[in-house]
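Fold and geometry: a report
So the chains spell out like this:
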Amino acid sequence: MCGIAGIVLNKDSEIKEEEISEMLNLLKHRGPNDDGYFRFNNLLLGQTRLSIIDTTSAGHQPMQYSHKNKTVVITYNGEVYNYKSLKKILIKKGYTFTSGTDTEVVAACYLEYGDSCVERFEGMFAFVIFDKQKKILFGARDRFGQKPFYYHKSKNSFLFGSEPKAILSQLKTKSIDYQAIYHYLTLGYIPAPFSGFKEIKKLPQATWFTYCLETKKFKTKKYFSLNFISKKEQSKKEWKKEISKSFTMAVQKRLVADVPLGSFLSGGIDSSAITAIAAQAKKQLQTFCISFTSKKEDESLYAKIMADHAKTQHMAYCVNQDDFQQNFISLIQHADVPFADPSYIPTYLLSEFTKKEVTVALSGDAGDENFAGYDKYRAFHILNTFPLLTKIVSPILNNKKGKLGKIFKLKDKDVSEKYYELTHFFDSAQKDIILDNKKYNKEWGSEYKEVLSKKVSKIKDTTDALMALDFEVYIPDNINVKVDMASMKSGLEVRVPMLDHSFVQLCASMPSLYKLNIFKGKLIFKQLLKDFLPQEILKRKKHGFIVPLDKWVGGDIDHEALKKLGIHIETDITDKQRYLLKVLVCWYKKQF
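**Let's talk about the packing of helix 17 (residues 443-455) against helix 18 (residues 462-488)**
Running from N to C, helix 17 and helix 18 point in directions that differ by 130 degrees, and their axes come no closer than 10 Å. Overall, the two elements helix 17 and helix 18 adopt an arrangement that is oblique. Note that helix 17 runs across helix 18; the crossing there is right-handed. Touching Tyr448, Leu452 and Lys455 of helix 17 are Leu469, Glu472 and Val473, all from helix 18. In terms of residue class, the contact of helix 17 with helix 18 is made up of four nonpolar, no polar and two charged.

This is the structure in structure tokens:
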């Protein structure tokens, strides 16, 4: 993993090398092992390196690569797991290599395949390639947005970086994007292409771009979308066999590293499954978890059961209220963008603890999204399965407060409405009350729901549509943002087997009846794990990464700061809403 940055000046004033150095210094936590920059006229590319594959100086970046009188320069962040097979193909075509890195292979693939090179990469990445002959920059993000990419474009300059802080260091002015804040108040995170700043955009996942240094033209194109429509028809037995094979391969691909590698182990189904496979291939695998002083939130007992079962070298770190509160302000400000997932802080503490032993860790994220593990999937499945019963109880439950009442109110709405309003901190009706209409436009909600609706307009099955939206929005803009921010602050690379795109597409092609029924989700995944996991793990109830907000995040909110943001709170709010607003105020005070 690494930090990447770049500057293009479109004016007569000469670019200064101190500017790229300043950007790289702000990204040093992402790549503590090495750094460098490349200059061409008014273009500067830079990189800070966390050495994982070929840790020698041969992997220094930005890296220049030439073939048949064509030369490119690449600054790259990520891992392409199939780089060795791609390398063999390229060698047969006459390409030569001087390092053992995947970086060099990515550069050569661009020369051979052009913009379609990204379709051949299996992994997580964000990179920019300078094509010397064409005088263009070509860049891309991986299919599910595991690696970040932010950019600023104006008539005078084009800037990019792995984190907004690098870009902000070069801007003379910055301003709040209230449309981004509007969505944050509902989702708890900011969806692409927004960043929270009007001057900075986030490149969406599965997207490549070109920027022409001569014409200043900027072009983007999405190169991948999951297909939930075409279903593969085969028996449950055949599905179990195919899913098991694909899952095992996804884990094994992510075990390749020239540095120590371990695995997060919470004691849940997903991290336990990954640990089981990894421990078979890697003896004396190190596993890591965090525990909480409160039994309600603590999963460490189950992590220990699984660690003993897999015979791993297991370590646990206990997170308490002081840990959370002492890190709250610094981590929220480190994020650069408003981000209200409270598990961000314990994820950082776990990453910091893990980095003391290893440089790479596997993670169990995306299991619920692949196999319909969340309650929301099952809730709407029940409503669709029993329409008569739903009609009978609706008059009673429509007026009920809480999540159940919200589900019934949304039962006849478009799937985008279900998605946006169900997982809310503040729903649209609440925002109409608390927001200053001079700063916020209520139509922004409708416009975004329309964007979501278009993404899943051809998907008829509600469960499939909700899962598709999770992969379009929640995975790239919440889960992956959290993991990248938390782990890279510690210089730890986190790999997610269940975001292997071939595995995810296989799961998407599976009819939802194999994933959930009215009683539970993850049906087929749990069934194929019976021979790998202890019964205590398989039979336990779902337990997310829960933080005791009611105890750990108290205190008053700065209402004066909220008023400056156009937010007026005059009624009681929930612990979740309080946390979201405290995060927003913390971000605002740091940035403005």
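**So, the pattern of salt bridges**
If you walk through the whole model with that rule in mind, you get 30 salt bridges. With its nearest N and O atoms 3.7 Å apart, the salt bridge here joins Glu17 to Arg39. One end of the pair, Glu17, is in helix 1 (residues 17-26); the other, Arg39, is in strand 2 (residues 34-40), with 22 residues separating them in the sequence. On the basis of relative accessible area, Glu17 is assigned to the partly exposed category, the value being 32%. The shortest N-O distance in the salt bridge between Asp308 and Lys304 comes to 2.9 Å. Of this pair, Asp308 and Lys304 both sit in helix 8 (residues 300-310), four residues apart, roughly one helical turn. Among the charged side chains, a network of salt bridges with common partners joins Arg30, Lys147, Glu163, Lys165, Asp336 and Asp484.

**A word on helix 17**
An ideal rise of 1.5 Å per residue puts 18 Å on 13 residues; helix 17 measures up with 19 Å between its terminal C-alpha atoms. Looking only at helix 17, the buried set comprises Trp444, Gly445, Tyr448, Lys449, Leu452 and Ser453.

**Observations regarding the packing of aromatic side chains**
Tallying each qualifying case throughout the model produces 41 aromatic pairs. On the basis of an interplanar angle of 85 degrees and a centroid distance of 5.7 Å, the ring pair of Phe121 and Phe125 is categorised as edge-to-face. As far as burial versus exposure is concerned, Phe121 and Phe125 are alike and both buried. Seen in terms of ring centroids, Phe197 and Phe592 are 6.0 Å apart; in terms of plane orientation they differ by 40 degrees. Their pairing is tilted. One end of the pair, Phe197, is in the loop between helix 5 (178-187) and strand 10 (201-202); the other, Phe592, is in the segment after helix 24 (575-591), and 395 residues separate them in sequence. By relative accessible area, which is 0% here, Phe197 ends up buried. Among the aromatic side chains, those forming a connected cluster through ring pairs are Tyr76, Tyr110, Phe121, Phe125, Phe127, Phe138 and Trp208. Above the ring of Tyr302, the side-chain terminus of Arg540 is found at 4.1 Å from the ring centroid.

**Some details on the layout of surface pockets**
Roughly 330 Å³ of volume is contained in the second largest pocket. Where the lining of the second largest pocket is concerned, the elements lending two or more residues are strand 1 (2-9) and strand 9 (157-161). A breakdown of the residues in the lining of the second largest pocket according to their chemical character gives four nonpolar, seven polar and five charged.

**Details of helix 3 (residues 102-113)**
An α-helical turn contains 3.6 residues, so any two residues separated by three or four positions project in the same direction. For helix 3, which comprises twelve residues, the first-to-last C-alpha distance of 16 Å matches the rise-based estimate of 16 Å (1.5 Å per residue) to within 8%. Of all the twelve residues making up helix 3, eleven are buried; the element is thus mostly covered by neighbouring parts of the structure. Within helix 3 the residues assigned to the buried category are Asp102, Thr103, Glu104, Val105, Val106, Ala107, Ala108, Cys109, Tyr110, Leu111 and Tyr113. Tucked inside the fold, the buried residues of helix 3 contact strand 4 (63-67), strand 5 (70-80), helix 2 (83-92), strand 6 (123-131) and strand 7 (136-141). At the exit of helix 3 stands Gly114, carrying a positive phi of roughly 65 degrees.

What counts as what
Residues numbered from 1 in each chain as written. Predicted model: local features only at pLDDT ≥ 70, side-chain atom pairs only at ≥ 80, totals over all residues. Heavy atoms only, no water. Axes fitted to C-alpha atoms, helices over the stretch in contact; angles between N-to-C directions. Helix = DSSP H or I, 4+ residues; strand = E, 2+ residues; numbered from the N terminus. Parallel < 35°, antiparallel > 145°, perpendicular 65-115°, else oblique. Left-handed = near helix turned anticlockwise from the far one by under 90°. Contact = heavy atoms within 4.5 Å. Nonpolar A, V, L, I, M, F, W, Y, C, P; charged D, E, K, R; others polar. Salt bridge = Lys/Arg side-chain N within 4 Å of Asp/Glu carboxyl O. Buried < 20%, exposed > 50% of the residue type's maximum accessible area, 1.4 Å probe, protein only. Expected span 1.5 Å × (residues − 1). Phe/Tyr/Trp six-rings, centres within 6.5 Å; stacked < 30°, edge-to-face > 60°. Lys NZ or Arg CZ within 6 Å of the ring centre and 35° of its normal. 1 Å grid on protein atoms, 1.4 Å probe; cavity = no way out; pocket = protein on both sides within 12 Å on 5 of 7 lines; lining within 4 Å. Points joined across faces, edges and corners; volume = space filled by probe spheres on them.

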